[in-house]
Structures are given as C-alpha cells and as structure tokens.
Amino acid sequence: MRPVTTPAVPRWLPAPIALHVAVLGALLYAAFLSKGPWDSDYWWHIRTGELISEGQFPRTDPFSFTWAGMPWTLHEWLSELLIFKLVDGLGYVGAVLVFALVPGIAIGILAFALHRLGLRTAAVAIATSLAAFLVIPYATIRPQALSWIFFAVLVAGLLHLRPDRARWSLLLVPFFVLWANVHGLWVVGLAVLVVYAVLTVVRMTPMSPAKGWALAMIPLAMLGTAFTPEGPSLLLYPLRYVDAGDWGMANITEWQSPDFHDPAHLPFLVFMGAVAIFGRWRVPWWMSLLAFMGVAMTLLALRNGAVAAILGAPAIAVGIDAALRDWRPDRPERSPRIARQRRLLEVVVAGLIAVAGVVIFWPQDIGAAVRASENRELPVQGVALLRERVPDGRILAEYGWGGYVIGQMFPDGARVMVDGRNDMYDDAILEEYGLVRDADPGWADVAERYEVDALLFPPYRAITKGPAEDAGWCEAYRDENEVVYLRSCD
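Residues numbered from 1 in each chain as written. Predicted model: local features only at pLDDT ≥ 70, side-chain atom pairs only at ≥ 80, totals over all residues. Heavy atoms only, no water.

Colleague: How should the pairing of strand E3 (residues 454-457) be read in this particular structure?
Modeller: The side chains of a regular strand alternate between the sheet's two faces. Side chains Ala454 and Leu456 project from E3 onto one buried face, and the interleaved Leu455 and Phe457 project onto a second face that is buried too. Alignment of strand E1 (residues 394-397) against E3, held across three bridges, turns out to be parallel. In the sheet register, Leu396 faces E3, and the bridge partner there is Leu455. Both E3 and strand E5 (residues 483-486) contribute to a ladder of four bridges, which runs antiparallel. Note on E5: the bridge partner recorded for Leu455 is Tyr485. (Buried < 20%, exposed > 50% of the residue type's maximum accessible area, 1.4 Å probe, protein only. Helix = DSSP H or I, 4+ residues; strand = E, 2+ residues; numbered from the N terminus. Pairing = 2+ DSSP bridges.)

Right, here's the structure in full:
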C-alpha cells in the first residue's frame, strides 16, 4: 500500500480522518442516548460491584434461591466495580454519559490504525461507518462493551506488527491481565492471536520472518489471564459455552442466530455483504479470515455482532481502498488554494452533519429518556408492588427481568430463581424455570418445592393466561408490559 500524500493545508484545519472520527463519535454518542441504555443485566452487575466495593468478593452465588452457596466465577469483577463506582460518584445518568463514549472510542482507535496503513480516507470512513452501524444496537452499560475497546487495540496492534517491532508482543501480558479481569471476551482475543500465529507460520502475515515471536503471543496472552482471582483455572471457564444444547442458546435472543426478516438485524446483513464483496479484494489472508470468523460468530450468536464489526472493518477498508485504486489509480494533484478550500468545505460539512445528528438523536431530557426506556422494557411497576408486598420474598421472574429484581430488591433480602447469569445456573434449574414460564405439566410443583412467593412475567407468557389463577395464585397487578401473581393476596 502506498501512502497517500495531501497538499499542504493550514495546520489549524483538522485532517479528514480526524474529522471523520469526531463526527462518527458524536453520532454514536447521541445514538447511544437516543436508543436508551437499558439492560436488565446492568442491575446485577452493579449489585456485584457494590459487594466488591464493600470488601466482599463473591465466589458463590448471593442472588438466587436456587443456586445460593454454589460456585460462581466472577470473571468480570473489575468492570462491575468500575460501573458501581461510576454510578456511585456520578449517578446513573452520569454513568450513561460515560459509557456512551465507549463505541466512539473503539471505532476511533480502529479508524486511526487503518489510516496509518496509508489507506484512502474514503475507504477507512466507509468501513468504520459500517462497523459503527453494526455496533450501536449492542451499546449499553455492560462489561461486554468495554471489551470492544480491547478488541480495537488488539486489532490495531496486529495491523502494525512487524518483525522489527516483535517485542511489542510482550505487552500482551499486561494487556490480557487487564482484559481478563474486565470481561470474558478475552477468549475471543486469544482465538484471534491463534489465527494470526498459525497464518504467520505458513507465511501469510508480515510477521513471517519472526515466527517465534508470533507463536510466543499465545502463551504470553495465556500467562496474562492467569493473573486474576481465578488464577489459571480461568482458561477453562469458556468451555461452559461450548455445549450447543445449552439452555441459554435455545432461549436467549442474543445467543441465537440472526433473523433477517427482523429489521433490527439488517445492519449485520449489510456488514456481511460488505465483507463478502470486499473481504478478498487484494486483502491479506489474515485480515480476511478474521473478518469471516467474526461473521461466522455472529451467524451463530447475535451477541457477537460488535466483535464482528471490529474484526471485519480492516478487511473491508483494505478491500475498498484496493477497489478505489483500481477505479482511479492516480488522483490529480490539487493546488494549495484548492486543497485549502476543499478542506474548509469538509470541515463545514462535517460540522453540519455532527450538529444535525446530535440535534436529531440527542434526547431533550436524558434522565427522562433513560427512565422511559426502562418503563418500556422492565417491570418497574410490578417490582415496586413486590417491594411493598414481599420485600424479602422468593421471586420467580422472567429470565430477562431477574437482574432488575436483584438490583431493586436484593438489599431487602429478596432472591430470584434465575437471572442473566445462564453460564452459572445448572441446566436443570433453567429447565424448571421454563416449565413454570410455559405452564407445562408440573409447573405448580416446581413453584411449591422452591417456596416461591411471587411470579413476575410478561402478559404473553402462557403462565399469565389462566394457569396461575387456576392453581390458586392471586393476580396482584397487570398491564400491557407485566403481570404479578402472589401466592396469597391477604
């Protein structure tokens, strides 16, 4: 790739790539706030962070009545502590404003790394815009979001790794020390290094003259993961997700394959098309394989969409750059005056786009927008009633609502049957939860055996359409979003 030269322009005018990153970052920030950061898992994450801040480090489950006292791997403790500290110091809205920066930071790192390869700005802008379009639906206050920054840094490092910079590999130890304490997606980062090392051995990466260093990256990264509260055993933790018959993969939307009849999945379809078109257009094999790996991961589980965006953007950018050079190999030189005028125009247009995007997407009242998103998606009214009637009860809630129940009721002594930690619960417990949710034969015996005090489900679940009342449960609250049943209305 040849470096792109640009005629001299005043230093006070920002470079095109800086303009792109600034505008895209502003749009991502506003879009994050507009769509709402709600995520029911946030609530059990923040309660965990609170426990850690108080000097506790739970190694057994403190939140449920089905897995209480049983082992729990706290594999994202550092990010949970960070979330709690942010909320404790800045309030929930303040934490939202901080986490809204994460998508822009990750995409910005990627954009600057690609630009330094000498790619045309248009190629970088298109690829990172597609990546941003794919990332934003997943953006929320959740440890997983922090992993996007780690992925961006890892990919940026590989883009610029050369034999004369081989000692950069030593940085993988502290890098993975931090990542392994922040979130479990470090294991995908390790898989990326394995792919890169294998392709290096077969002379398909720039590091081929330094194969030893490339192969050393794998044990160096694994060494970093050993410096966590779990020690070397953390390397075995990802095996919990290998079983394709896992209840979570069958019942949780983010663990399922995309449905392209759903408009929400169109960003991934567009991104996948871009990878298919440009992913092999004079693109190094290692970039192509990472792009296709990200697409394959997302086809298996929607939750990997943001990872696919970061892994695939380099291949798309390089492919588009190659296509542009094929279409227009030599760009005409511009006089300094025309170059300055063009740059001024770019600054004005970028500013207008950023302002227009922020005006369109930015909520007038961020706090109200956050609360509105919670009221739409979470059982706010039902949990408020439960806090009055059974503050320390055993609550059998919709799987996706268990975290919210923990967040609101755990301090008073309430416990849940299940919540978003499907990797922790035994499949038998999750199957019993499904028995109650679907009002299958024997559901009442499950509720009786666990001495459940309240049921909390959306009105479209089978249990809310007569079986609960037939079994003697009392309907205490119902609206278009939630239904609450108590064992007794006395």
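After that view, the rundown keeps rolling.
Colleague: Is there a simple way to explain unusual backbone geometry in this structure?
Modeller: Across residues other than glycine, the phi torsion is negative in most instances, and most of the peptide bonds are trans. Phi at Arg203 is positive, roughly 60 degrees, even though this residue is not glycine. Here Arg203 lies in the loop between helix H8 (186-201) and helix H9 (211-225). A residue is classified by how much of its surface remains accessible, and Arg203, at 61% relative accessible area, is exposed. Residues other than glycine seldom take positive phi values, yet Glu451 does so here, at roughly 55 degrees. Among the structural elements, Glu451 can be located in the loop between helix H19 (443-449) and E3. By relative accessible area, Glu451 is classed as exposed at 54%.

Colleague: How should I be thinking about the packing of aromatic side chains in this particular structure?
Modeller: In this description, a pair of aromatic rings is defined by centroid distance and the angle of the planes. Per the counting criterion, the structure on display carries 19 aromatic pairs. When the centroid spacing of 5.0 Å and the interplanar angle of 35 degrees are considered together, the rings of Tyr42 and Tyr92 count as tilted. Here Tyr42 is found in helix H2 (residues 41-53), whereas its partner Tyr92 is found in helix H3 (residues 77-99), with 50 residues between them in sequence. Of the two residues, Tyr42 and Tyr92, neither departs from the other in class, the shared state being buried. (Phe/Tyr/Trp six-rings, centres within 6.5 Å; stacked < 30°, edge-to-face > 60°.)

Colleague: Explain the confidence of the model for the protein here, please?
Modeller: Any segment with low pLDDT has predicted coordinates that should not be analysed in fine detail. Confidence along the protein averages 88 in pLDDT terms, with 86% of residues attaining 70 or more. Taken as a whole, residues 1-6 scores under 50 in pLDDT and shows 15 contacts with residues more than four places along the chain or in a different chain. (pLDDT = per-residue confidence, 0-100. Contact = heavy atoms within 4.5 Å.)

Colleague: Is there a simple way to explain a nonpolar patch on the surface in this structure?
Modeller: A cluster of nonpolar side chains, contributed by Val201, Val202 and Leu215, occupies part of the molecular surface with about 240 Å² of accessible area. A relative accessible area of 39% means that Val201 is categorised as partly exposed. (Patch = residues over 30% accessible without salt bridge, like charges linked within 9 Å, V, L, I, M, F, W, Y side chains within 5 Å. Areas by Shrake-Rupley, 256 points an atom, 1.4 Å probe, with all protein chains shown as cover. Salt bridge = Lys/Arg side-chain N within 4 Å of Asp/Glu carboxyl O.)

Colleague: Help me understand the pattern of salt bridges, please; the structure alone is not making it clear to me.
Modeller: Side-chain pairs of opposite charge can arise where the charged atoms are in close proximity. On inspection of all chains with the given rule, the structure shows 12 salt bridges. For the salt bridge of Arg142 with Asp41, the shortest nitrogen-to-oxygen distance reads 3.6 Å. Separated by 101 residues along the polypeptide, Arg142 in the loop between helix H5 (121-135) and helix H6 (143-159) and Asp41 in helix H2 bring together distant segments of the chain. Like Arg142, the residue Asp41 is buried in the burial classification. Arg487 serves as the salt-bridge partner of Glu448, at 3.1 Å between the closest nitrogen and oxygen.

Colleague: Got a minute to help me understand helix H12 (residues 285-300) in this structure?
Modeller: Because each turn of an α-helix spans 3.6 residues, side chains separated by three or four positions end up pointing in the same direction. Here H12 is 16 residues long and its end C-alpha atoms lie 22 Å apart, about the 22 Å a rise of 1.5 Å per residue gives. Contact partners of the buried residues in H12: H6, H8, helix H11 (266-278) and helix H13 (305-327). (Expected span 1.5 Å × (residues − 1).)

Colleague: Before we go on, may I ask you to explain helix H17 (residues 402-409) in this structure?
Modeller: When you tally the buried positions in H17, you get eight out of eight residues, the bulk of the element. Next to the buried residues of H17 lie H2, helix H16 (380-389), E1, strand E2 (415-416) and E3.

Colleague: I keep staring at the nonpolar core and nothing clicks. Help me out?
Modeller: Across soluble globular proteins, nonpolar side chains have a tendency to be buried as a group. Judged by nonpolar contacts, the single largest core of 157 residues is most densely connected at Phe99, Trp148, Phe176, Leu386 and Leu455. When near neighbours in sequence (up to four residues on either side) are disregarded, Leu455 contacts Leu396, Val436, Trp443, Ile463, Ala468, Trp473, Val483, Val484 and Tyr485. (Core = buried A, V, L, I, M, F, W, Y, C linked by side-chain atoms within 4.5 Å.)

Colleague: Whenever I open this one, the pairing of strand E4 (residues 474-478) confuses me. Can you help?
Modeller: Relative to E5, E4 runs antiparallel, the two being bridged by four bridges. Within the sheet, the bridge partner assigned to Tyr477 lies in E5 and is Val484.

Colleague: Explain the sheet that holds E5 to me, please; I cannot follow it from the model alone.
Modeller: Strands in a sheet are paired, the pairing made by backbone hydrogen bonds, and the direction either parallel or antiparallel. Read across the open sheet, the five strands follow the order E2-E1-E3-E5-E4; overall the sheet is mixed. Only two strands of the sheet have a single partner each, and these edge strands are E2 and E4. Along the sheet, H16 contacts E1, E3, E4 and E5; its crossing angle with E5, the most-contacted strand, is approximately 20 degrees. (Axes fitted to C-alpha atoms, helices over the stretch in contact; angles between N-to-C directions.)

Colleague: I keep staring at the environment of Ala180 and nothing clicks. Help me out?
Modeller: Tracing the chain through its elements places Ala180 in helix H7 (residues 172-182). With relative accessibility at 2%, the residue Ala180 sits in the buried group. Among all residues touching Ala180, those that are not within four sequence positions of it are His75, Trp186, Thr225, Thr228 and Leu234.

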